Amino acid sequence: MIPSLGLRGQEPTLDLLCFAMRNLEPRPSRACFLCDSLIMLAPGLEAKEVMRHSQMRLLIYSAVLLSSALAAQTQPKINVDWNKILRTSQTSPTLQIVVNPPLRRGTPVHDNAYKAVHDLGADYVRYVPWLPYPKLGVAELDPPKDGKTSWDFSLIDPMTIDFLEVTKGHSVILNFSTIPQWMFKTEKPVSYPADPNQVTWDYTQGTEPRDPSFKEVADYYARLLSWYTQGGFTDELGKRHESGYHYSIPYWEVLNEVEFEHHMSPETYTRLYDAVVTAMRKVDSKLKFVGMALAMPSQNPQFFEYFLDHKNHRAGIPLDFISYHFYAVPTPDQTPEIQGYTFFAQADGFLNTVRYVEAIRKRLSPETRTTIDEIGAISADDLAQGEAGHQTKPIADSYWNLTGAMYAYLFGELTRMGVDVAGESQLVGYPTQFPSVSMVDWNDGKPNARFRVLELLHSNFGPGDKVVDFHGDQAGPYVYALPFVTRDGKERLLLVNKSEHEVNVQITGAASGQLEYVDPTTGMDPAKKIGVDSDTVTLRAFAVAALTLK
């Protein structure tokens, strides 16, 4: 039940707002409390009607913005006990790469984007040929017919080989997430665009495989693995296909967002996973696997309970990793000033989901590791991209800083929890495929602020660092701080400004340190480094910084 400050039925006036603000502390929870209370004050109106009421809307937004301004005027103070170690970090910051036309050779994006991945040098980079472009992600688009198969890697190999080359020396996770459509029962054959660059959103139809044992699907994935690791494969009709490739692929993720794609139940997915793992291990006995890749983990606790229970699997089937995803999504009417509150509130909700998933994992399969391999935000405009005549709206530069700050905050909290991999999503988005999730400019492939934040995190924090026991909210409601003692013995703080206001933070020992930061002033450039000459550090709007004390 939402409290109403004892004012139900009163007209929403400036006097009311002032009364409420006298009870307001500079805490985001109190700001949300105030907003919810105000919504309850207009008699006879449903909540959605209240939100359309322009006067009420102005009061609510004003309350939130004033709360932020008050908080920004209160200087946070950080004093760390560097001897109080919580744990050793095991969390790797990384990203996912989704296959789409801008990443093809010869485009303005290809060289710059792949160079950025190479220079980053991250582990556990996730590579996903995905359903919107069947010709770029499905190697056997049609069933065998008249003594011939349709195996064709000519459009798939260039991007995949370039990915494997730029990530050499680092662990990667491959996920050819789209099963050939003809392997599922449908009323009529499902077509796919002749143009490999043409997007389609209805390729993955059907819920029942034509082979209920899943052997057909499993054999398809075993042949994919053989193509890239064993120099080729023998197809269903006994014909040999030579590739000449002998790459090392340490991890394979089995499908993507299976509760949406083919609408699989936990039982169906687990049977498919076991069949695929069994077939692929015959090709490479050292290969490790990632399971589930759920889109909506908070809505699917039964998936974790079933999949992580070893008795539901064939004997000897490994559960090396589980994976799941998070995207913050605003409503269409939210202004950029309000989206920051939405994104961080949703991030906090997701962290609660992680806590309950971790409890299930530790109870049923504690040896299984976790990769949260899609972390990002999707604009409300992107959700309408499939509608006829849709035109992508411009994205403000501040949005990239906001979403970068949200990822840095989640990275810090996931590190505190002991999650193994935090993967930012995605390298290239562009109009028709979620431009708001892009980490590079989709016109030329140069990194934006989201990628620059990942660079900063990767170069300053990682597995082997000692995480100091310090709760992030001790720095105040809008400044997140997490101290580390790095592998080389340096005392370093991860700092995130969660607001659009500039904040001065007093940090004991900051003087004579070095600050490396990404904020609105750095634009699309790499993080800037400056010396610190006092114990007060200034963080601009949605800044992400690494402060090294010694």
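Residues numbered from 1 in each chain as written. Predicted model: local features only at pLDDT ≥ 70, side-chain atom pairs only at ≥ 80, totals over all residues. Heavy atoms only, no water.

Enquirer: Is there a simple way to explain unusual backbone geometry in this structure?
Expert: With the exception of glycine, the majority of residues adopt a negative phi angle, and the majority of peptide bonds are in the trans configuration. Of note, the bond from Ser-425 into Gln-426 is cis; its omega dihedral lies within 30 degrees of zero at -5 degrees. Mapped onto the elements, Gln-426 comes out in the loop between strand E12 (421-425) and helix H13 (449-460). Even without a glycine there, the phi angle at Leu-255 is positive, about 70 degrees. Counting through the fold element by element, Leu-255 comes out in the loop between strand E8 (251-253) and helix H9 (266-283). Unlike most non-glycine residues, Ala-293 shows phi in positive territory, near 50 degrees. Here Ala-293 shows up in strand E9 (residues 288-294). Take Ala-293: its relative accessible area is 0%, and that puts it in the buried class. (Helix = DSSP H or I, 4+ residues; strand = E, 2+ residues; numbered from the N terminus. Buried < 20%, exposed > 50% of the residue type's maximum accessible area, 1.4 Å probe, protein only.)

Enquirer: Sorry if this is basic, but what is going on with the pairing of strand E17 (residues 514-518) here?
Expert: Residues in a regular strand point their side chains to alternate faces of the sheet. With four of five residues buried, E17 lies mostly within the body of the structure. Strand direction decides the pairing type here: E17 and strand E18 (residues 528-531), joined by four bridges, are antiparallel. For Leu-515, the partnering residue across the bridge sits in E18 and is Ile-530. As defined by bridge partners, E17 adjoins strand E20 (residues 544-548) across five bridges and the pair is classed as antiparallel. Looking at the pairing, Val-518 lines up with Val-544 of E20. (Pairing = 2+ DSSP bridges.)

Enquirer: Looking at this structure, I do not really get the nonpolar core. What am I missing?
Expert: One broad rule of soluble globular proteins: the nonpolar side chains tend to lie buried together. If you look at the biggest cluster of nonpolar residues, it comprises 123 residues, and the most contacted ones within it are Tyr-221, Trp-252, Tyr-269, Leu-427 and Leu-494. Considering each element in turn, this core owes the most residues, twelve residues, to helix H12 (residues 397-417). Those residues within four positions of Tyr-221 in sequence are excluded, and the remaining contacts are Phe-176, Ser-177, Thr-178, Ile-179, Trp-252, Leu-255, Val-276 and Met-280. Of all hydrophobic cores here, the second largest spans 24 residues; its members include Ala-481, Val-485, Ala-545 and Leu-547. (Core = buried A, V, L, I, M, F, W, Y, C linked by side-chain atoms within 4.5 Å. Contact = heavy atoms within 4.5 Å.)

Such coordinate-based values are descriptive only and should not be taken to indicate function.
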